[in-house]
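One letter stands for each residue in the lines below.
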Amino acid sequence: MKEFIVAASKFVYDGFLYDVFFVLGFVAVFLFYLWRGKRFGVKPIRSILLVLIVYPSVVLWMFVQYWIETGVFGGNNIVRCIVYMPLFAIPAAKILKMTWKQACDILAPAVCVVHGVSHWGCMFAGCCNGFPAEWGLYNPSTLQYCFPSQPLEALTALLIIWVILRREKKNGYKVDGLSMPIMLMLFGSTRFIFEFFRDNEKLWMGCSSLAFHALFMSVVGLVMYVVIDRHNQKLEAQAAAEAVS
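Residues numbered from 1 in each chain as written. Predicted model: local features only at pLDDT ≥ 70, side-chain atom pairs only at ≥ 80, totals over all residues. Heavy atoms only, no water.

Caption draft 1: Molecular detail of unusual backbone geometry. Notably, Lys97 is not glycine yet its phi reads approximately 55°, a positive angle. Overall, Lys97 belongs to the exposed group, its relative accessible area being 75%. (Buried < 20%, exposed > 50% of the residue type's maximum accessible area, 1.4 Å probe, protein only.)

Caption draft 2: Representation of the environment of Ile228 within the structure. Within the fold, Ile228 resides in helix H9 (residues 209-244). Residue classification places Ile228 among the buried positions, given a relative accessible area of 6%. Through-space distance from the C-alpha of Ile228 to that of Trp35 is 26 Å; in sequence the pair is 193 residues apart. (Helix = DSSP H or I, 4+ residues; strand = E, 2+ residues; numbered from the N terminus.)

Caption draft 3: How the structure looks around the packing of helix H7 (residues 149-170) against helix H8 (residues 179-194). Between H7 and H8, the shortest axis-to-axis distance is 10 Å and the interhelical angle comes to 155°. By the criterion of interaxial angle, the relationship of H7 to H8 is roughly antiparallel. Both H7 and H8 take part in a crossing whose hand is right-handed. Across the interface between the two elements, Leu152, Glu153, Thr156, Ile160, Val163, Ile164, Arg167 and Glu168 from H7 touch Ser179, Ile182, Met183, Leu186, Phe187, Thr190, Arg191 and Phe194 from H8. Among the residues making up the contact of H7 with H8, the classes are represented as nine nonpolar, three polar and four charged. (Axes fitted to C-alpha atoms, helices over the stretch in contact; angles between N-to-C directions. Parallel < 35°, antiparallel > 145°, perpendicular 65-115°, else oblique. Left-handed = near helix turned anticlockwise from the far one by under 90°. Contact = heavy atoms within 4.5 Å. Nonpolar A, V, L, I, M, F, W, Y, C, P; charged D, E, K, R; others polar.)

Caption draft 4: Expanded view of the pattern of salt bridges. Evaluation of the coordinates by the stated rule reveals seven salt bridges. Where Arg198 meets Glu153, a salt bridge forms, and the shortest distance between an N and an O atom there is 3.5 Å. Here Arg198 is found in the loop between H8 and strand E3 (202-204), whereas its partner Glu153 is found in helix H7, with 45 residues between them in sequence. In terms of burial, Arg198 and Glu153 fall into one category: buried. (Salt bridge = Lys/Arg side-chain N within 4 Å of Asp/Glu carboxyl O.)

Caption draft 5: Region of interest: the packing of aromatic side chains. All told, the structure shown has 10 aromatic pairs when counted by the stated rule. For the pair Phe32 and Tyr33, a centre-to-centre distance of 5.2 Å together with 75° between the ring planes defines the contact as edge-to-face. Like Tyr33, Phe32 is buried. By the ring-pair criterion, three or more aromatic residues cluster together here, those being Tyr18, Phe22, Phe26 and Tyr55. (Phe/Tyr/Trp six-rings, centres within 6.5 Å; stacked < 30°, edge-to-face > 60°.)

Caption draft 6: How the structure looks around helix H4 (residues 100-107). With seven of its eight residues buried, H4 lies for the most part within the structure. Among all positions of H4, only Lys101, Gln102, Ala103, Cys104, Asp105, Ile106 and Leu107 are buried.

Caption draft 7: Focus on the pairing of strand E1 (residues 132-139). Here E1 pairs with strand E2 (residues 144-146) via four bridges, running antiparallel. By the bridge assignment, Leu137 is partnered in E2 with Cys146. A loop of four residues connects E1 with E2, the two strands running antiparallel in sequence, and Leu143 in this loop sits at a positive phi of about 60°. (Pairing = 2+ DSSP bridges.)

Caption draft 8: Focus on the side chain of His115. Topologically, His115 is positioned in helix H5 (residues 110-118). What His115 contacts, discounting residues up to four positions off in sequence, is Glu153, Ala154, Ala157, Phe187 and Arg191.

Caption draft 9: Inspection of the environment of Leu87 at higher detail. Mapped onto the elements, Leu87 comes out in helix H3 (residues 85-95). Under the relative-accessibility criterion, Leu87 is labelled exposed at 54%. For the pair Leu87 and Leu165, spaced 78 residues apart in the sequence, the C-alpha separation amounts to 22 Å.

None of the figures reported here should be taken as evidence of function without further support.
Structure, rendered in structure tokens:
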């Protein structure tokens, strides 16, 4: 009986539950986008196709970017390339006959949905660890307790989704292109903070490479928000002037 329990525990912590949560993350995205596209007047199949075009492209670029940076194939962490989603949305929007702003608004929560579900599995794989601590989650890789970075990051991703959806509902799901920069700002800034509590290799002043990627993400999001918001205001002013004339 003892041998069976040990074998079962090893099976669970050797990646089984990690794989389960990984799959659940993409199931969640599929179900989420069956609902989401309709809010922006897009058929569910088109919103799902949008994610299926952009998300794999971003993941592929993630590996290429890591190879460029290090000369090694790897770097399986989407934080490196979330910031490039708006660029991959340009050809995807043309293929699916959407506006770029519409594609960005629809795409904005996708990464957070995956992260908010799949990241729970990292607790069982012993990856994405927080620093060793006297309390926290037991880490099967290091055989010690660690700061619970994984559930905190997952909950933060879910909170970002809530913020985006609440704002969109308040605005009547009007397409304005601002959901993407809001996601980039919130995800980037919170992930930058979380990196100080993780056991990633630090490069400078306690910052890891992912911390710099996250910081870059939040800065790009801020710039995007300002530029798009000003463009929206200009369009509204032109529309108001035309209505008067």
